[in-house]
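Reading the structure
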Amino acid sequence: MEGNAPGSRHLDAALSEQVLYYRARASEYDQWFLRTGRYDRGIEHTNQWFREVDVVVHELETFAPYGDVLEFAGGTGLWTVRLAPRAESITVVDASPEMIELNRNRLGNTPVTYIEHDIFSFDTDRKFDFIFFGFWLSHVPSDRFAEFWHLVRRCLKPGGSFFFLDSVKDPQSTAVDHVLPNEDHCETLVRKLNDGREFRIFKLFYRPQELQSKLEAMGWRAKVQQTENCFLFGSGSIDA
């Protein structure tokens, strides 16, 4: 499986391993975002990282989450806390009960509806004004790309919009003991936990124009951008 996406008959098993990884990683996930532990690349990098976080936060706030908000892969709540103050309601879907518990603790008394569910099999009759997903799209295998965006479309109200945030292929964004693949076509890589356990997960890196073109071909009005070093982000709505 090295260097290539699994064949269709192995896809579900590979995605199950990805869920297990994030369940096991829940208690240490914030170390990645906060640039601590194995993710500490020095003060200069950390300062650059958070300057670029501020760029994305500004864009998200300018885009203004509103109304009924759905967050896919809410994780520990690092972005849920930024969505909640502007939302009339917020629903978080995540496959990891450990992540949901951390999210719940971070949000405190803020009313949030949590749904523990694999996003690849999730569906709902409810419609939302705004959908957000942070650091999720890169974990969607190419064989499930269209299916995921059809889910986003089904979940949006007429006139609704989306915003996403993800990683660019920067060797310093990951742990010091992780190695990013050289091949552009590689869809999977091995990730380690602090205790040394290893998991294979999906990790796809997109270039802004490439991703924007893919979305436009599916009928989305989309704008995809990149910060200087660290992040890919985009927003849009369905083309009428």
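Anything mentioned here points back to the structure above.
Here's a quick rundown of the structure. (Residues numbered from 1 in each chain as written. Predicted model: local features only at pLDDT ≥ 70, side-chain atom pairs only at ≥ 80, totals over all residues. Heavy atoms only, no water.)

So, on to the pairing of strand S7 (residues 198-202). Of all five residues making up S7, four are buried, and the element is well covered by its neighbours. Two strands pair when backbone bridges link them, and strand S6 (residues 188-192) and S7 are joined in this way by five bridges, in the antiparallel orientation. If you follow Thr 188 over to S7, its bridge partner there is Phe 202. Turn length for the S6-S7 hairpin, with the two strands adjacent in sequence and antiparallel, is five residues, and the turn residue Gly 196 shows positive phi of about 95°. (Buried < 20%, exposed > 50% of the residue type's maximum accessible area, 1.4 Å probe, protein only. Helix = DSSP H or I, 4+ residues; strand = E, 2+ residues; numbered from the N terminus. Pairing = 2+ DSSP bridges.)

Bringing the pattern of salt bridges into the picture now. All chains considered together, the criterion is met by 14 salt bridges. For Asp 30, the salt bridge goes to Arg 106, with nearest N and O atoms at 2.9 Å. Note that Asp 30 is positioned in helix H2 (residues 29-34) and Arg 106 in helix H5 (residues 97-107), a separation of 76 residues in sequence. Owing to a relative accessible area of 17%, Asp 30 belongs among the buried residues under this scheme. For Arg 38, the salt bridge goes to Asp 177, with nearest N and O atoms at 2.7 Å. A residue pair is termed long-range when its members are at least 10 positions apart, and Arg 38 in the loop between H2 and helix H3 (43-63) and Asp 177 in the loop between strand S5 (156-167) and S6 qualify at 139 residues. Judged by relative accessible area, which is 14%, Arg 38 ranks as buried. Salt bridges linked by common partners bring Asp 68, Arg 126, Asp 129 and Lys 157 together as one network. (Salt bridge = Lys/Arg side-chain N within 4 Å of Asp/Glu carboxyl O.)

Core analysis: the biggest nonpolar cluster contains 39 residues, and Trp 79 and Phe 231 have the highest contact counts within it. Contact partners of Trp 79, with chain neighbours within four places excluded, come to Phe 33, Val 53, Val 56, Val 57, Leu 60, Glu 71, Phe 132, Phe 135 and Leu 165. (Core = buried A, V, L, I, M, F, W, Y, C linked by side-chain atoms within 4.5 Å. Contact = heavy atoms within 4.5 Å.)

Once that is clear, we can look at empty space enclosed by the protein. Applying the stated criterion across every chain, the model contains two cavities of 30 Å³ or more. Around the largest cavity, the lining comprises 26 residues; the ones closest to its centre are Tyr 22, Ala 73, Gly 75, Asp 94 and Trp 136. Those elements that provide at least two residues to the lining of the largest cavity are helix H1 (8-25) and H2. In terms of residue count, H1 provides more of the lining of the largest cavity than any other element does, four residues in total. For the lining of the largest cavity, a count of residues per class yields 15 nonpolar, eight polar and three charged. Here the second largest cavity is characterised by a volume of approximately 150 Å³. Lining the second largest cavity are 15 residues, with Arg 25, Trp 32, Ser 167, Arg 191 and Lys 203 positioned closest to its centre. (1 Å grid on protein atoms, 1.4 Å probe; cavity = no way out; pocket = protein on both sides within 12 Å on 5 of 7 lines; lining within 4 Å. Points joined across faces, edges and corners; volume = space filled by probe spheres on them. Nonpolar A, V, L, I, M, F, W, Y, C, P; charged D, E, K, R; others polar.)

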